[in-house]
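An overview of the molecular structure
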Amino acid sequence: MTIYNEIINLLETAVKAAAADFKDMTFKWSSDKFFLTLPGNEKFGDYASNIAFYGAAFYEKTPRELAQLIVDKLPQDKGLLAKVEVAGNGFINFFVAKERIYKELGEILALHGKYGQTSAGVGKHIQIEFVSANPTGPLHVGHGRGAATGDTLARIFKALGYDVQKEYYVNNIGNQMNILGQSVQARFAGKEIPEDGYKGNYIKEIARQISNDKIQMTNEDDFREYAIKTILGWIKKDLEDFGVVFDDWFFENTLYKQGDLKQILLEKLNREYPAKAYEADGAVFVKTTDFGDDKDRVIFRADGRPTYFASDIAYLIDKFERKPPLDQVINIWGADHHGYVPRMQAVASMLGYKEKLKIILYQLVSLKRGKETVPMSTRAGEFVTLRQVLDEVGKDACRFFFLMRSPDSALDFDLELAKKHSSDNPVYYVQYAHARISSVFKEAAKNGLMLDAVSLKIETLELLKEQEEMQLIKKLANFSKILADCARTYDPHWLTIYLQELATVFHNFYTRHRIVTENRELSLARLHLIKAVSIVLKDGLDLLGISAPEKM
RNA sequence: GCGCCCUUAGCUCAGUUGGAUUAGAGCGACUGACUACGAAUCAGUAGGCCACAGGUUCGAAUCCUGUAGGGCGCGCCA
């Protein structure tokens, strides 16, 4: 178990014991109040809790008094805590015992690539649907942010024991697809592309392919299907080169193969909550206003054709009827789709899936070259593709930049900075720490210093007494809390920040203390320490989908 | 007009479930540090009425209300 969880367990025991001393037990400590913060200031200990602030008013105590009562009930665990203090207005500060810190280092080395993983999600099934761009053109940079976010969240959830399935939803029918087919057909025939058609160069490319390969086209449908297939191929390739591989590709048209979708939806929407779908003016509406939407939404037009929303509802139902049942369905959308959130949630609510559907929005990406903004306009057809950025800055920098910021904040992606192979560039900063460690091991090997099970003794690790060494181990020990934070907030950027901080603590240690020295035992201890650093760096970078080079 | 997101140092941003006399990084500016493991590094200095005004709280950059500014979205389009 992690140091963090061990302390939480002690704390919960103590709080319950303290509460039992009061006659009135009506105050309930909610479980989300049991968390520890990592104080920036050393004098506040390694972990701190503000739990005493919550019950204080109820028990008519000051937070300080209550904190003391809780601390008095803390089970003694000398191997875990060296000191516990009540401080400030009522904080409880925990100072972790050195022995426990060495033990943690031993665990990192023993668990290797499995360190930081937990069983928090064992037995739970999560599905993440992301990117899902229409196959009407190549992916652009914005899709890249969604791809990086979804893929990394999937990797993190997997590390926490969840069963994760990544899915891409393909809109392969409907008006836009017809327009795509018509656009390609027009190009092929050397005619003008229709007014509302797709005019990008890639349309020409597809038309050229058709004539070069002498593919037989009998009607518009053939052009459409060929275009979709070709573009999907590009998308798949772009994603692969970006490190993203989907488990499943779900095609919209399959929703219409199970029968009359109108009848199916009417039946399902009206089964448990009667009259959630109704007909008016010849069209079919869903009563999303019952669940917070601004207006009811049409799912079948007066002429009988389904809207996009009809497919989306059918798709949502499909997901929730799968076996084994999904515990959570995550959708990752660009913020430009946020207007769609209320109606989706309304439908989830009326079908009883409200708690299980999580929609994550990420803000838009603007590309820069230094100070210059790179113009992007979908309307004018001049958008920068993911492929272009990938070719220019590489996968590692690209993913890192997308994952550096919280999805909530708009992202300025500076191509010039991402391309720089220098310290300005945070990707290289983290990777450099990893490469540097590899190179120290080469140096150590020259001096006959090798790490093995024999050299990994607790007495050896106990030689690590310097402040920078202790800081480094403590930083490493927070890895799994960081992963849990990413999962709880559905936000991978905590990990990106953490890796930069870990690299900083390592570089600082490195410049202050020599690793390979005459002192053989100390050298071995420090080699174990930096081995642990490289393990966590590698694991963290893996989760971000970024390489951890041995040299660069 | 309505809704969602945002506004923190010259620039790009952290500050997650409210917390602890000094609100943190990086870049840029200025000072220093390699005759032993990679200076793609490290240490330090300067730089901020946390957009503005109220409110809730023992405590607010964080929550609520309003104002200003920016982005996005509001179709029987996708």
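Residues numbered from 1 in each chain as written. Chains lettered and ligands numbered in written order. Predicted model: local features only at pLDDT ≥ 70, side-chain atom pairs only at ≥ 80, totals over all residues. Heavy atoms only, no water.

Some details on the overall build of chain A
The helix and strand inventory of chain A stands at 20 helices and 14 strands. Relative to its 552 residues, chain A shows a buried fraction of 52%. Here the contacts in chain A between residues at least 6 apart in sequence split such that 70% fall between residues at least 24 apart. Carbon together with sulfur atoms contributes 51% to the accessible area of chain A, which is approximately 26,000 Å² in total. Here chain A holds 72 positive side-chain charges and 75 negative ones, and the gap between their average locations is 2 Å. (Helix = DSSP H or I, 4+ residues; strand = E, 2+ residues; numbered from the N terminus. Buried < 20%, exposed > 50% of the residue type's maximum accessible area, 1.4 Å probe, protein only. Contact = heavy atoms within 4.5 Å. Areas by Shrake-Rupley, 256 points an atom, 1.4 Å probe, with all protein chains shown as cover. Lys, Arg positive; Asp, Glu negative; His and termini not counted. Charge placed at Lys NZ, Arg CZ, Asp CG, Glu CD.)

Digging into the nonpolar core
Residues Ile70, Ile128, Phe157, Phe402, Phe413 and Leu495 are the most contacted members of the largest nonpolar core, which totals 147 residues. For this core, the element with the most residues is helix 20 (residues 520–544), which contributes 13 residues. Each residue touching Ile70, except ones within four places of it in the same chain, is listed here: Leu11, Ala14, Val15, Ala18, Ile51, Ala52 and Ile92. Counting 33 residues, the second largest nonpolar core, distinct from the first, contains Ala277, Ile299, Ala310 and Met350. (Core = buried A, V, L, I, M, F, W, Y, C linked by side-chain atoms within 4.5 Å.)

A few points about the pairing of strand 10 (residues 328–334)
Most of strand 10 sits inside the fold, with 7 of its 7 residues counted as buried. Residues Gln328, Ile330, Ile332 and Gly334 point to one face of strand 10 and Val329, Asn331 and Trp333 to the other, with burial holding for every one of them. Two elements, strand 4 (residues 125–129) and strand 10, share 4 bridges in a ladder whose sense is parallel. Looking across to strand 10, one finds that Gln127 is bridged to Val329. Bridge count for strand 10 against strand 11 (residues 357–362) is 6 bridges, and the pairing is parallel. Note on strand 11: the bridge partner recorded for Gly334 is Tyr362. In terms of handedness, the path from strand 10 via helix 11 (residues 341–351) over to strand 11 forms a crossover that is right-handed. (Pairing = 2+ DSSP bridges. Right-handed = clockwise from strand over helix to strand, strands pointing away.)

Observations concerning unusual backbone geometry
Note: most residues except glycine have negative phi, and most peptide bonds are trans. Cis geometry marks the peptide bond from Lys323 to Pro324; its omega dihedral reads -10°. Locating Pro324 in the fold gives a position in the loop between helix 10 (308–320) and strand 10. Not every positive phi belongs to a glycine, and His112 is a case in point at roughly 55°. For His112, the position within the fold is in the loop between helix 4 (98–111) and strand 4. Note on His112: relative accessible area 39%, which makes it partly exposed. The phi torsion at Lys214 lies on the positive side, around 50°, for a residue other than glycine. Following the sequence through the fold, Lys214 ends up in the loop between helix 7 (201–212) and helix 8 (220–241).

Observations regarding the domain arrangement of chain A
Domain assignment breaks chain A into domain 1 (3–96), domain 2 (130–256 + 363–419) and domain 3 (422–544). Just the C-alpha atoms count here: the centres of domain 2 and domain 3 sit 38 Å apart. Facing 21 residues of domain 2, the contacting portion of domain 3 comprises 21 residues. For the domain 2 and domain 3 pair, buried surface summed over both sides reaches about 1,800 Å², with 74% attributable to carbon and sulfur atoms. At the boundary of domain 2 with domain 3, the tally comes to 7 residue pairs in polar contact (both at pLDDT 80 or more). The set of elements that each furnish at least two residues to the side of domain 2 that touches domain 3 consists of helix 5 (141–159), helix 13 (395–402) and helix 14 (415–419). Here the element with the most residues in the side of domain 2 that touches domain 3 is helix 5; it accounts for 7 residues. (Domains from an automatic or database assignment. Buried area = accessible area lost by both parts, 1.4 Å probe. Polar contact = N/O pair within 3.5 Å; in protein donor to acceptor, adjacent residues only side chain to side chain.)

Quick look at the sheet that holds strand 9 (residues 297–300)
What the 3 strands build is an open sheet, ordered 7-8-9; its pairing is antiparallel. Strand pairing shows two members of the sheet lacking a second neighbour, strand 7 (277–280) and strand 9, which therefore form its edges. Pairwise comparison of adjacent strand axes, ignoring direction, gives a mean angle of 45° for this sheet. With respect to the sheet, helix 10 is in contact with strand 8 (283–286) and strand 9, its orientation differing from that of strand 9 by roughly 80°. (Axes fitted to C-alpha atoms, helices over the stretch in contact; angles between N-to-C directions.)

A few points about the packing of helix 4 against helix 20
Where helix 4 meets helix 20, the closest approach of the two axes is 9 Å, and the angle between their N-to-C directions is 60°. One element, helix 4, and the other, helix 20, form an angle in the oblique class. For the crossing formed where helix 4 meets helix 20, the hand is left-handed. Of the residues in helix 20, those touching helix 4 at Leu105, Ile108 and Leu109 are His528, Leu529, Lys531, Ala532, Ile535 and Val536. Across the contact of helix 4 with helix 20, the residue classes break down as 7 nonpolar, 1 polar and 1 charged. (Parallel < 35°, antiparallel > 145°, perpendicular 65-115°, else oblique. Left-handed = near helix turned anticlockwise from the far one by under 90°. Nonpolar A, V, L, I, M, F, W, Y, C, P; charged D, E, K, R; others polar.)

Details of the side chain of Ser49
Within the secondary structure layout, Ser49 lies in strand 1 (residues 47–49). At 3.0 Å, the side chain of Ser49 and the backbone nitrogen of Ile51 are in polar contact. Beyond its immediate stretch of four places on either side in the chain, Ser49 contacts Leu11, Phe35, Leu36, Gly90, Phe91, Ile92 and Phe94.

Description of helix 15 (residues 426–446)
Relative to the 30 Å expected for 21 residues at 1.5 Å per residue, helix 15 spans 31 Å between its end C-alpha atoms, a close match to the ideal helical length. Backbone geometry just after helix 15 places Gly448 at a positive phi near 75°. (Expected span 1.5 Å × (residues − 1).)

Quick notes on the packing of aromatic side chains
Tallied over the entire structure, the rule returns 23 aromatic pairs. Here Phe242 and Phe402 contribute two aromatic rings whose centre-to-centre distance is 6.2 Å and whose plane-to-plane angle is 85°, an arrangement assigned as edge-to-face. Of the two residues, Phe242 sits in the loop between helix 8 and strand 6 (248–251) while Phe402 sits in helix 13, which places them 160 residues apart along the sequence. Like Phe242, the residue Phe402 is buried in the burial classification. With a centroid separation of 5.5 Å and an interplanar angle of 10°, the aromatic rings of Tyr278 and Phe285 are classed as stacked. Given the relative accessible area of 27%, Tyr278 is considered partly exposed. Overall, Phe285 belongs to the buried group, its relative accessible area being 17%. Ring-pair connections join several aromatic residues into one group, and the members of that group are Phe130, Tyr168, Phe246 and Trp249. (Phe/Tyr/Trp six-rings, centres within 6.5 Å; stacked < 30°, edge-to-face > 60°.)

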